[in-house]
Amino acid sequence: MSGQKTYYITTPIYYVNDAPHIGHAYTTLACDALARFKRLDGYDVFFLTGTDEHGQKVEKSAEAAGMDPQSFTDGVSQNFRDLASFMNYSNDAFIRTTESRHARASQAIWTALKENGHIYLGTYNGWYAIRDEAFYAEDELTEGPDGKKIAPSGAECEWVEEPSYFFDLSKWQEPLLKFYDENPDFIAPETRRNEVISFVKGGMHDLSVSRTSFKWGVDVPGDEDHIMYVWLDALTNYITAVDYPNQESDLYGRYWPADLHMVGKDILRFHAVYWPAFLMGAGLGPPKRVFAHGWWTNEGEKISKSLGNIIDPRAIVDTYGLDQVRYFLLREVPFGNDGDFSHRSMVNRVNSELANDLGNLAQRVLSMIGRYCDGVLPKPGDRTSEDTNMLDQATGAMETIRRHMDNQSFHEALEAIWVVVRAGNAYVDQQAPWQLHKEDQARRDTVLYILAETIRHLGLYIQPFMPDSAAKMLDLLEVGADARDFECVGTGSALAPGTALPKPAPVFPRFVEEEAEEGARRS
């Protein structure tokens with residue numbers, strides 16, 4: 001569509017040395033909700049995810065598995081594709097850094113940096129963390145109980161001495177600080193922005209961008225002894241996916257620079273410092289925004305392999321339900337903060353907010369229409385101030401939701417929706433259509449119609465977060481597939497009185513504890 005607004009959103013590409021876990025699911029879910037929201041809001045969206053498949057860590061993991069690196073990465077990358085399908089993510093593309101097009105793009109940005117005088121050959125002596133695929137300065141490290149050097153991430157570091165090409169990062173302090181100043185929304189949340197600015201102000205060393213001690217990576221153009229440092233290779237995926245180095249392509253012209261890179265807080269430096277410097281050095285535009293979210297704990301404990309408490313997304317979906325998990329992860333904590341996954345909190349959200357609040361509102365209203373109006377949407381009469389206020393809350397929530405989504409405040413967007421949910425339940429109780437059925441059926445019809453319209457809006461609003469449940473809710477109102485985007489918010493696309501509705505069915509069942517089920521069987 002000519003003149004259509006575009007939106008390019010990316011997850012980080014996930015490292016294939018292990019199976020997908022809740023951290024991967026969380027980042028991609030946040031991107032999925034935002035991508036779905038933007039599509040519904042009229043944008044031409046490009047949503048990218050994928051896998052990072054090069055580096056020493058992958059080479060060692062493949063060796064430990066008794067496999068060659070390509071076969072190893074083929075299998076693990078497929079696990080991430082499978083998770084995307086399982087979690088109902090709507091990504092438009094999935095990129096792998098082992099694709100030939102990515103090697104071409106990585107070598108093209110390397111060549112541009114070298115031709116522009118930003119890459120030179122030297123010797124690297126310093127501390128390197130294989131787990132992080134990152135170099136660290138001495139003053140960033142602590143000493144572990146066994147005397148080993150430990151990175152801020154907790155990864156063990158080893159001393160490396162080898163020939164290396166360097167990127168002249170030390171020259172980018174002032175350009176980066178100027179860029180941050182001119183683009184105050186580039187890094188979010190604010191606390192992370194302050195951390196990055198402090199790091200850059202502290203001075204930066206030139207960055208080693210090639211390795212000779214292993215071979216699993218993209219070859220450095222013109223020097224077969226070197227492969228590219230994994231982060232220069234990995235970050236380039238965001239432009240590979242839009243056809244770089246062909247800057248004349250339709251994809252590149254429509255979507256670059258990216259609107260949002262969503263990342264975990266542990267890889268913010270690579271995205272907010274190295275990446276814009278690489279891009280500017282190559283004569284390319286930086287992305288518009290990088291958002292760093294927090295980490296999850298499990299029942300109050302840090303998640304780790306050694307504790308055996310890694311959360312498998314498939315397991316929690318099997319336990320609680322897909323949309324229930326999607327809702328909980330974006331509702332439970334302010335996005336950007338750390339959060340704790342607990343069974344009790346999950347059950348409380350599912351039963352209190354989904355089943356009792358939203359599910360019960362839809363079920364009892366549609367059941368009353370079925371019982372009192374023979375399943376036909378009633379014709380409303382004159383509105384009272386209470387009716388107008390209810391509809392105004394339902395239609396007016398859109399702007400608040402949009403503002404919060406643009407700030408990646410997913411929990412606030414959901415709270416804005418739940419303000420309408422609670423108002424709807426209060427309106428039901430105040431108007432008491434069951435009593436009006438006995439006393440004033442014309443008034444009953446108006447109240448039930450206002451409530452049906454409220455539920456229609458709630459169905460529209462929850463689509464980015466709980467797409468399957470939203471579809472069920474809108475199906476119960478006979479809302480057509482072509483009447484479900486945000487252009488249909490408001491009275492212009494109101495439900496047609498006289499529409500025959502299907503028999504209502506619960507959209508959000510309560511979560512019943514196994515112990516409660518066992519007790520019921522015994523009684």
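The preceding data block contains the structure.
About the criteria used
- Residues numbered from 1 in each chain as written.
- Predicted model: local features only at pLDDT ≥ 70, side-chain atom pairs only at ≥ 80, totals over all residues.
- Heavy atoms only, no water.
- Helix = DSSP H or I, 4+ residues; strand = E, 2+ residues; numbered from the N terminus.
- Rg over C-alpha atoms; globule rule 2.2 N^0.38 Å.
- Buried < 20%, exposed > 50% of the residue type's maximum accessible area, 1.4 Å probe, protein only.
- Lys, Arg positive; Asp, Glu negative; His and termini not counted.
- Charge placed at Lys NZ, Arg CZ, Asp CG, Glu CD.
- Pairing = 2+ DSSP bridges.
- Right-handed = clockwise from strand over helix to strand, strands pointing away.
- Phe/Tyr/Trp six-rings, centres within 6.5 Å; stacked < 30°, edge-to-face > 60°.
- Contact = heavy atoms within 4.5 Å.
- Polar contact = N/O pair within 3.5 Å; in protein donor to acceptor, adjacent residues only side chain to side chain.
- Expected span 1.5 Å × (residues − 1).

**Student:** Honestly, the overall build of the chain in this entry has me stumped. Any pointers?
**Tutor:** Within the chain one finds 19 helices and 19 strands. Taking 2.2 N^0.38 as the reference for a compact globule, 523 residues should give roughly 24 Å; the C-alpha atoms of the chain span a radius of gyration of 26 Å, in line with that estimate. Along the first, second and third principal axes, the C-alpha set of the chain runs to 90 × 60 × 40 Å. Here the chain holds 523 residues, and the buried ones make up 57% of them. Positive and negative side-chain charges in the chain, numbering 50 and 78 respectively, have mean positions lying 4 Å apart.

**Student:** I keep staring at the pairing of strand β16 (residues 290-293) and nothing clicks. Help me out?
**Tutor:** Remark: a regular strand shows side chains that alternate across the two faces of the sheet. Covered by surrounding structure in β16 are V290 and A292 together with F291 and H293, the residues of both alternating faces. By the bridge criterion, two bridges tie strand β10 (residues 187-188) to β16 in an arrangement that is parallel. Bridge pairing in β16 links I187 to V290. Pairing between strand β15 (residues 260-264) and β16: four bridges, direction parallel. Each bridged residue has a counterpart across the sheet, and for H261 the counterpart in β16 is V290. Each parallel crossover has a hand, and the one from β15 via helix α10 (residues 268-281) to β16 is right-handed.

**Student:** What exactly am I supposed to notice about the sheet that holds strand β11 (residues 207-208) here?
**Tutor:** Sheets are built from strands paired through backbone hydrogen bonds, the pairs being either parallel or antiparallel. One open sheet accounts for four strands, arranged β6-β5-β9-β11; its pairing is antiparallel. Only two strands of the sheet have a single neighbouring strand rather than two, namely β6 (134-136) and β11. Direction of pairing for strand β9 (residues 158-167) relative to β11: antiparallel, over a ladder of two bridges. Across the sheet, residue F166 finds its bridge partner in β11, namely S208.

**Student:** Help me out: how do you make sense of the packing of aromatic side chains in this one?
**Tutor:** All told, the structure shown has 31 aromatic pairs when counted by the stated rule. Aromatic pair W110 and Y165: ring centres 5.4 Å apart, planes at 80°, arrangement edge-to-face. Taken as a pair, W110 in helix α4 (residues 100-115) and Y165 in strand β9 lie far apart in primary sequence, 55 residues in all. You can call W110 buried: its relative accessible area is 1%.

**Student:** Sorry if this is basic, but what is going on with the side chain of Q324 here?
**Tutor:** Turning to its location among the elements, Q324 is positioned in helix α12 (residues 322-331). Owing to a relative accessible area of 10%, Q324 belongs among the buried residues under this scheme. Other than its neighbours up to four places away in sequence, Q324 contacts M346, V350, L354, F508 and P509.

**Student:** Please explain the side chain of H24 as it appears in this structure.
**Tutor:** On the secondary structure map, H24 appears in helix α1 (residues 22-40). Polar side-chain contacts of H24 include one of 2.8 Å to the backbone nitrogen of H21.

**Student:** Explanation requested: the sheet that holds strand β12 (residues 210-211) in the structure shown.
**Tutor:** Read from one edge to the other, the open sheet built from three strands follows the order β12-β14-β13, with strand pairing classed as antiparallel. Of all the strands in the sheet, just β12 and β13 (219-220) have a single pairing partner and so form its edges. Strand direction decides the pairing type here: β13 and strand β14 (residues 223-228), joined by two bridges, are antiparallel. Residue pairing across strands places V220 opposite D223, the latter belonging to β14.

**Student:** How should α4 be read in this particular structure?
**Tutor:** Given 3.6 residues to a turn, an α-helix orients residues that are three or four positions apart in the same direction. For α4, built from 16 residues, the straight-helix expectation of 22 Å at 1.5 Å per residue is met to within 8% by its first-to-last C-alpha distance of 22 Å. Every buried residue of α4 is accounted for by H102, A105, S106, A108, I109, W110, A112 and L113. Following α4 by one or two positions, G117 adopts a phi angle in the positive range, close to 85°.

**Student:** Would you mind going over the environment of F72 with me for this structure?
**Tutor:** Here F72 lies in helix α3 (residues 69-86). In sequence terms F72 and I455 are 383 residues apart; their C-alpha atoms lie 48 Å from each other. When near neighbours in sequence (up to four residues on either side) are disregarded, F72 contacts V16, N17, V58, S61, A62, A65 and M67.

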